[in-house]
Amino acid sequence: MVCSHENHKQHSPKVPGAPQQDNLMLCPQCDMLVALPPLAFGTKAVCPRCKTTLSTRWEEPRKRPIGYALSALFMLLLANIFPFINMRVAGLGNEIRLIQIPQVMVAEDYASMATLFMVFVQLIPAFCMLAIILLCARVRMPLALKEWMAKMLFQFKTWCMVEIFLAGVLVSFVKLMAYGDIGIGSSFVPYCLFCLLQVRAFQCVDRRWLWQDIEPAPKLDRPLTVGRTGMRQGVRSCRCCTAILPADLTHCPRCHTNGHVRRRNSLQWTLALLVTSIMLYIPANLMPIMVTEALGNKMNSTIMAGVILLWGEGSYPVAMVIFIASIMVPSLKMLAIGWLCWDANGKGKNRADSERMHLIYEVVEFVGRWSMIDVFVIAVLSALVRMGQLMSIYPATGAVLFALVVILTMFAAMTFDPRLTWDRVNETTKKEPQGDGK
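Since we're looking at a predicted model, the values are computed, not measured. (Residues numbered from 1 in each chain as written. Predicted model: local features only at pLDDT ≥ 70, side-chain atom pairs only at ≥ 80, totals over all residues. Heavy atoms only, no water.)

> Teacher, can you tell me more about the overall build of the chain here?
Helices and strands together make up the secondary structure of the chain, namely 13 helices and 13 strands. For the chain, with 438 residues in total, the buried portion stands at 54%. Pairs at least 24 apart in sequence give 74% of the contacts found in the chain among residues at least 6 apart. (Helix = DSSP H or I, 4+ residues; strand = E, 2+ residues; numbered from the N terminus. Buried < 20%, exposed > 50% of the residue type's maximum accessible area, 1.4 Å probe, protein only. Contact = heavy atoms within 4.5 Å.)

> Would you mind showing me how to read empty space enclosed by the protein here?
Where empty space is left can be seen by rolling a probe of water-molecule size over the atoms. Applying the stated criterion to the full structure yields 2 cavities of 30 Å³ or more. Computed from the structure, the second largest cavity encloses a volume of approximately 60 Å³. Lining the second largest cavity are Lys 175, Ile 289, Met 290, Ser 301, Thr 302, Ile 303, Gly 306, Val 307, Ile 322, Asp 374 and Ile 378. Sorting the residues of the lining of the second largest cavity by element identifies helix H9 (303-312) and helix H12 (373-384) as the ones contributing at least two each. (1 Å grid on protein atoms, 1.4 Å probe; cavity = no way out; pocket = protein on both sides within 12 Å on 5 of 7 lines; lining within 4 Å. Points joined across faces, edges and corners; volume = space filled by probe spheres on them.)

> What am I meant to see in the UniProt feature "transmembrane region" (unreviewed entry) in the chain here?
The feature "transmembrane region" (unreviewed entry), as annotated in UniProt, sits at residues 66-85, 114-137, 158-178, 184-202, 271-291, 318-342, 363-385 and 391-414 in this numbering. Segment residues 271-291 splits into 76% helix and 10% strand. End C-alpha atoms: 33 Å apart. Across residues 363-385, the secondary structure splits into 74% helix and 0% strand, with the terminal C-alpha atoms separated by 35 Å. (UniProt positions renumbered as here; feature names shortened; annotations may be inferred.)

> Would you take a moment to explain the packing of H9 against helix H10 (residues 316-344) for this structure?
For any two helices packed against each other, one specifies the crossing angle of their axes together with the interaxial distance. Where H9 contacts H10, the axes come no closer than 8 Å and their chain directions differ by 165 degrees. Of the possible angle classes, the one that applies to H9 and H10 is roughly antiparallel. Crossing geometry of H9 relative to H10 is assigned as left-handed. Residues Ile 303, Met 304, Val 307, Leu 310 and Trp 311 of H9 pack against Tyr 316, Val 318, Ala 319, Met 320, Ile 322, Phe 323, Ser 326 and Ile 327 of H10. Of the residues belonging to the contact of H9 with H10, the class tally is 12 nonpolar, 1 polar and no charged. (Axes fitted to C-alpha atoms, helices over the stretch in contact; angles between N-to-C directions. Parallel < 35°, antiparallel > 145°, perpendicular 65-115°, else oblique. Left-handed = near helix turned anticlockwise from the far one by under 90°. Nonpolar A, V, L, I, M, F, W, Y, C, P; charged D, E, K, R; others polar.)

> Explanation requested: the packing of aromatic side chains in the structure shown.
Two numbers describe a pair of aromatic rings. These are the distance of the centres and the angle of the planes. Counted under the stated rule, the structure contains 13 aromatic pairs. Between Phe 117 and Phe 165, the ring centres sit 5.2 Å apart and the planes meet at 70 degrees, which makes this aromatic pair edge-to-face. With a gap of 48 residues between them, Phe 117 in helix H3 (residues 111-136) and Phe 165 in helix H5 (residues 162-176) connect regions that are remote in the sequence. Looking at Phe 117, the relative accessible area reads 1%, which means it is buried. For Phe 165, a relative accessible area of 0% corresponds to the buried category. Ring geometry for Phe 127 and Trp 148: centres 5.7 Å apart, planes at 70 degrees, overall edge-to-face. With a gap of 21 residues between them, Phe 127 in helix H3 and Trp 148 in helix H4 (residues 143-156) connect regions that are remote in the sequence. (Phe/Tyr/Trp six-rings, centres within 6.5 Å; stacked < 30°, edge-to-face > 60°.)

> How should the sheet that holds strand E10 (residues 290-294) be read in this particular structure?
Two strands in a sheet stick together by hydrogen bonds in their backbones, pointing the same way (parallel) or opposite ways (antiparallel). Read from one edge of the open sheet, 3 strands run E11-E10-E12, paired in antiparallel fashion. At either margin of the open sheet sits one strand with a lone partner, and together these are strand E11 (297-301) and strand E12 (391-395). Neighbour to neighbour, the strand axes of the sheet diverge by 20 degrees on average, direction disregarded. Direction of pairing for E10 relative to E12: antiparallel, over a ladder of 5 bridges. From the neighbouring strand, Glu 293 faces E12, where its bridge partner is Ser 392. Sitting on the sheet, H12 is in contact with E10 and E12, with an inclination near 140 degrees to E12. (Pairing = 2+ DSSP bridges.)

> Help me understand the nonpolar core, please; the structure alone is not making it clear to me.
One broad rule of soluble globular proteins: the nonpolar side chains tend to lie buried together. One finds Ile 101, Phe 120, Ile 132, Leu 153, Phe 165, Tyr 191 and Met 372 to be the most contacted residues of the largest nonpolar core, which totals 123 residues. Examining the composition of this core, we find that 15 residues originate from one element, H3, more than from any other. Both of domain 1 (21-57 + 216-246) and domain 2 (263-421) provide at least three residues apiece to this core. Once residues lying within four places of it in the same chain are set aside, the contact partners of Met 372 are Phe 120, Met 161, Ile 164, Ala 403 and Val 406. (Core = buried A, V, L, I, M, F, W, Y, C linked by side-chain atoms within 4.5 Å. Domains from an automatic or database assignment.)

> In this structure, what is going on with the environment of Pro 317? I would like to understand it.
With respect to the helices, strands and loops of the structure, Pro 317 is situated in helix H10. For Pro 317, a relative accessible area of 60% gives the class exposed.

> How should helix H1 (residues 63-81) be read in this particular structure?
Since the α-helix turns once every 3.6 residues, residues separated by three or four places project in the same direction. For H1, spanning 19 residues, the distance from its first C-alpha to its last is 27 Å, which sits close to the expected 27 Å at 1.5 Å a residue. Within H1, the full set of buried residues consists of Pro 65, Ile 66, Ala 69, Ala 72, Met 75, Leu 76, Ala 79 and Asn 80. Check the buried side of H1 and you find it contacts H3 and helix H6 (188-203). (Expected span 1.5 Å × (residues − 1).)

> Explanation requested: the sheet that holds strand E7 (residues 181-184) in the structure shown.
With antiparallel pairing, 3 strands are arranged side by side in an open sheet as E6-E5-E7. Two strands in the sheet have a free side with no partner beyond their single neighbour: strand E6 (92-96) and E7. Across this sheet, the average inter-strand angle for adjacent strands is 15 degrees, counted without regard to direction. Note: strand E5 (residues 85-89) against E7, 4 bridges, orientation antiparallel. For Arg 88, the partnering residue across the bridge sits in E7 and is Asp 181. Packed onto the sheet, H12 meets E5 and E6 and runs at close to 130 degrees relative to E6.

Here it is, written out as structure tokens:
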């Protein structure tokens, strides 16, 4: 992976005995103060303690993301104009465009699922691409609007589920092959390209570089020691723009985000969201998520019933994908979040324990959103399979509950402060760590 970062020199009075502050950064995952090394093109700096990527450097840090984002928006437009996929059963055919998927769900009184589809698959990705274009192109606009767009860009990044929807479409193909002939429309390839381009656009935008480009970070009037945590030096990192701030300053002067040394009531919020998701997860698995009507007969399908049906039909890879994404991942994610909370409350801790828990946290944060694949499968099937009395598929209450479980567990992972897993690790200040350039 090639990455990019521009160095911004700021002229300000230096604090005697303090290192140059322009290249200092508090790791957002373990709170270690790191001196970032000069980065060559195509390299990144990672935290020497928890291996979190701190900064990246690309060639042409403006042109690359603008090019990818513009291309992605154009592909999204094409994907919504032309037919997406089609199906033929016993001489009857049906084809859908992307924009018709939420319309069908609204018509079936499932406006909640239609909203999830529009927000996660269409609106948020489109907004993020537009924000990248405007911010990287330095379009003239009020500073407050720039700051708001930058905040929303990085907050919404997790909620872009374009690639998950595309995986759901591919799973739908396998499910529908047993009933009829499936074909792709002229907008399918543009949507695949949109998926790849928006991922590349996100990769090319470095949070630290973008915020430095919008406005310089506020200066500290105190010396800082590289290799020690910010909490033990009376400073904190802004969770939005990565600026280093005094610990008692709750309002960031650059991005105007409120924050504290550690997220307030982090464990309480995480546990509350976790318990709520567990309460919803039980009925989500017991209640039907989909109703199939064929020749006047209705058949309800739960998540596990769908897995068993696919396995029985010989679609072993697809059955495994659905089982892992919809059964194993949510269950293990809730177990892992509970373990993280229990560990953060523990008394003793060594570096090996913290490294293991940090790895668990990163896995939880990455895989949790992929559980939405089953929800998107139902969305595609409901919109495409509309053959009247011959065959029709509708979403059911279980699908909405399952989507809420996924969203709540994602929020639970976000409210958990990963720095809590490192707070009791002994510091060694004999050696000043610098960000590893890779």
